[in-house]
Amino acid sequence: MKIGIMGGTFDPIHIGHLLLAQFAYEECALDEIWFLPNGNPPHKQTKEGQDALAHRVEMVRLAIDDVPYFKLCLHESRINRHSYTYKTMQELNALYPENEFYFILGADSLFAIEEWRNFREIFPSCIILAAVRDDKDADDMKMQTVYLEQEYNARISLLKAPQLEISSTTIRERAEKGLSIHYMVPDSVADYIEKNHLYHAKDKKQ
Ligand code: ATP
Ligand code: MG
């Protein structure tokens, strides 16, 4: 099967992530998209960190629940430590040799990938799908693609997908101020955030 990997902190998951995944699924004729919530970084190995991880995972579960080809992949969150992409992709290939993996990225990451730990080892283990917003982005991204292909034998496909001016950071900030986050996240996720008082300033421990 052709599997798209959509990694992220997902704190919280939002419609930007979901749209990117949906476009990748359609444009590249993938069989499934696996949402891969990152494990906690070392400084979050606390009770609070454990709770936050459980909430991030649960919100992804709620967001993708009604889409049969969107799956939750607990590979990084189950071990609950920070994982590097190259390692995760090697492990997923070893676990599922019958699958072909496509790693989905936002445009910014394609330019930053040389800063990732052991990034050269990412390229043999997956095809990169990099989201292009519009024609203006496309020229720069094509140049970067050719560079990475020639330099490191990377396999990269550019993916035309909308990139909304939404980030998890904005959503956390809005929730903290008591502003609405409806329309930015699925209703089930907005309800979950509300019910569990996530990101609300008054509930923050000092
Ligand atoms: P934060 O604000 O906490 O950094 P984020 O919204 O950027 O969160 P991440 O979990 O960091 O979300 O991103 C996961 C993946 O989703 C990355 O590949 C990123 O490029 C992509 N992504 C994030 N926001 C959008 C968006 N609005 N549209 C399309 N892709 C996005
Ligand atoms: Mg981000």
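Please read these numbers as outputs of a predicted model, since none were measured by experiment.

**Details of the pattern of salt bridges**
- For the structure shown, the criterion picks out four salt bridges.
- Between D51 and K47 there is a salt bridge whose closest N-O contact spans 2.8 Å. Linking D51 with K47, this pair stays in helix α2 (residues 47-64), spanning four residues, or about one helical turn.
- Overall, the relative accessible area of 61% leaves K47 in the exposed class.
- Between E58 and R61 there is a salt bridge, and its shortest N-O distance comes to 3.1 Å. In this pair, E58 and R61 are both assigned in helix α2, three residues apart and thus about one turn of the helix distant.
- In this structure R61 comes out as partly exposed when scored by relative accessible area, which is 40%.

**Some thoughts on the site of ligand 1**
- Around ligand 1, the surrounding shell holds 18 residues, and the nearest of these are H14, L164, I166, S168 and T169.
- Within the contact set of ligand 1, an oxygen atom lies 3.3 Å away from a backbone nitrogen or oxygen of F10.
- Taking I166, its main chain carries an N or O atom lying 2.8 Å from a nitrogen atom of ligand 1.
- Judged by the proximity of its atoms to the pocket grid, ligand 1 belongs to the largest pocket.
- At the level of elements, β1 (2-8), α1 (15-27) and α7 (168-176) are the ones that each hand at least two residues to the shell around ligand 1.
- Residue classes in the shell around ligand 1 are distributed as five nonpolar, eleven polar and two charged.

**What to know about the layout of surface pockets**
- Within this model, the largest pocket holds a volume of roughly 1,000 Å³.
- Lining the largest pocket are 42 residues; nearest its centre among them are G7, H17, G106, D108 and S109.
- Elements with a contribution of two residues or more to the lining of the largest pocket: β1, α1, α4 (85-95), β4 (100-105), α5 (107-112), α6 (135-152) and α7.
- No other element matches α5, which puts four residues into the lining of the largest pocket.
- For the lining of the largest pocket, the per-class residue count stands at 17 nonpolar, 16 polar and nine charged.

**Examining the sheet that holds strand β5 (residues 127-132)**
- The strand order across the open sheet formed by six strands is β3-β2-β1-β4-β5-β6, and the pairing between neighbours is parallel. Since the sheet does not close on itself, it has two edges, and those belong to β3 (70-72) and β6 (156-160), each with one partner. Looking at each pair of strands side by side, their axes are set apart by 30 degrees on average, direction ignored.
- Taken together, the four bridges between β4 and β5 define a ladder with parallel strand orientation. By the bridge assignment for β5, F103 is matched with I128.
- Across the sheet, α1 lies against β1, β2 (32-37), β3, β4, β5 and β6, angled at about 115 degrees from β6, the strand it touches most.
- α6 rests against β5 and β6 of the sheet, and its axis sits at about 170 degrees to β6.

About the criteria used
- Within each chain, residues carry numbers counting from 1 in the order of the written sequence.
- Chain letters start at A and ligand numbers start at 1, both assigned in the order the entries are written.
- Note on the predicted model: pLDDT of at least 70 is required for a residue's local features to be given, and 80 or more for side-chain atom pairs to be given and counted; whole-chain, interface and lining totals, by contrast, use all residues.
- Water and hydrogen atoms were dropped before computing side-chain values, which therefore reflect all heavy atoms in the structure.
- Note on definitions: salt bridges are taken to be side-chain nitrogens of Lys or Arg within 4 Å of carboxyl oxygens of Asp or Glu.
- What counts as a helix is a DSSP run of H or I of at least four residues, what counts as a strand is a run of E of at least two, and both are numbered from the N terminus.
- Accessibility here uses a 1.4 Å probe with only protein chains present; expressed as a share of the type maximum, an area under 20% marks a residue as buried, one over 50% as exposed, and anything in between as partly exposed.
- Residues are classed as near a molecule or strand on a simple rule: at least one heavy atom within 4 Å of it.
- Any N or O atom pair separated by 3.5 Å or less is treated as a polar contact, with the protein-specific requirement of one donor-capable and one acceptor-capable atom, and with residues adjacent in sequence counted only for side-chain atom pairs.
- Of the grid points, spaced at 1 Å and generated over the protein atoms alone, those admitting a 1.4 Å probe that cannot get out make up cavities, while open sets with protein on both sides within 12 Å along at least five of seven lines make up pockets; any residue with an atom within 4 Å of a point is treated as lining.
- Being in a pocket or cavity means that more than half of the molecule's atoms lie within 2 Å of its grid points.
- Under the scheme applied here, ten amino acids are nonpolar (Ala, Val, Leu, Ile, Met, Phe, Trp, Tyr, Cys and Pro), four are charged (Asp, Glu, Lys and Arg), and all others, including Gly, are polar.
- Grid points are joined across faces, edges and corners, and a volume is the space filled by probe spheres set on the points.
- Two strands are counted as paired when DSSP detects at least two bridges linking them.
- Throughout, an axis means a line fitted to C-alpha atoms (over the contacting stretch in the case of helices), and angles, computed between N-to-C directions, take values from 0 to 180 degrees.
- Working rule for contacts: check all heavy atoms of both residues, and any pair within 4.5 Å makes them a contact.

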